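# A look at the structure
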Amino acid sequence: MALRGRRAGSFRDSYSTLSQKTLLLLGWALRFCSAASFVLKADDDTFVHTPALVAHLRGPPAPPPIYYMGRVHDGVRPRRDPRGRHHVPEALYPEPSFPPYCSGSAYALSMGAVRLVLDAAPRTPKVTPEDVFVGLCAHRAGIAPRHVERMGGGRASPTTRVVTGGFCSAPTAWGRTG
């Protein structure tokens, strides 16, 4: 994967390497966009209403310097079935549930949170999916995710979610057709 003409990583791009790709994204943002206040990670099939999201992030009230926000999942249990793509072996992560984390369809991190997540990543079990891994890194770094209802969810089309004040909408929130 080349970024701005520089080789940032060499691996097969697949669902199982999404955590690695996300760490590269965060590292790239920290290196090349360090003046930015926030980084938004959104899936390619997530509709983002950028002006509404930016208005929220600018406040008032202004978010704290360490900020991790999205649609928070809480009480999610690791999937132990080795045939599933979300399989988490007990040897890798023995806890009965994950700490709260933001849905991978879209979440925002302040640049301060990006630094802390990257610092925690080498000491964090490399679980999938990627949103759980980022949540584990945030948890290890002492960052609690903030649930923001407007980050998606519910059964509505992307247009309806945006018209009614949402920041993001993903196919999982309104039903896939394919």
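You'll find the structure just up there.
A few points on the structure. (Residues numbered from 1 in each chain as written. Predicted model: local features only at pLDDT ≥ 70, side-chain atom pairs only at ≥ 80, totals over all residues. Heavy atoms only, no water.)

## Section: the packing of helix H1 (residues 18–32) against helix H3 (residues 111–120)
Where we set the bar: Note on method: axes are straight lines fitted to C-alpha atoms, helices fitted across the in-contact stretch only, with angles between N-to-C directions ranging 0 to 180 degrees. Think of it this way: any DSSP run of H or I at least four residues long counts as a helix, any run of E at least two long counts as a strand, and we number them from the N terminus. Orientation is classified from the angle alone, with under 35 degrees giving roughly parallel, over 145 giving roughly antiparallel, 65 to 115 giving roughly perpendicular, and any other angle giving oblique. Definitions for this section: a left-handed crossing has its near helix turned counterclockwise from the far helix by less than a right angle. A right-handed crossing has that turn clockwise. In what follows, residue pairs with any heavy atoms lying within 4.5 Å of each other are defined as contacts. Here the term charged refers only to Asp, Glu, Lys and Arg, the term nonpolar to Ala, Val, Leu, Ile, Met, Phe, Trp, Tyr, Cys and Pro, and the term polar to all other amino acids, Gly among them.
H3 packs onto H1 with a crossing angle of 130° between their chain directions and a minimal axis gap of 10 Å. Our classification of the angle between H1 and H3 gives oblique. Like other packed secondary-structure pairs, H1 and H3 cross with a definite hand, here left-handed. Along the contact surface, H1 presents Leu23, Leu26, Gly27, Ala29 and Leu30, while H3 presents Met111, Val114, Arg115, Val117 and Leu118. For the contact of H1 with H3, the per-class residue count stands at eight nonpolar, one polar and one charged.

## Some thoughts on unusual backbone geometry
Across the junction of glycine 59 and proline 60, the peptide omega takes the value 5°, indicating a cis bond. Relative to the helices and strands, proline 60 resides in the loop between helix H2 (50–58) and strand E5 (68–73). Proline 60 connects to proline 61 through a cis peptide bond whose omega is -10°. Mapped onto the elements of the fold, proline 61 is located in the loop between H2 and E5.

## A word on the sheet that holds E5
Here is the rule: At least two bridges found by DSSP between two strands are what make those strands a pair.
Taken together, four strands build an open sheet; the order of strands is E3-E6-E5-E7 and the sheet is mixed. At either margin of the open sheet sits one strand with a lone partner, and together these are strand E3 (38–42) and strand E7 (146–147). In the sheet, E5 pairs with strand E6 (residues 101–110) via five bridges, with the strands oriented antiparallel. Of the residues in E6, the one forming a bridge with valine 72 is cysteine 102. Packed on one face of the sheet, H1 meets E3 and E6 and runs near 155° to E3. Relative to E6, H3 is tilted by about 115°, and along the sheet it contacts E3 and E6.

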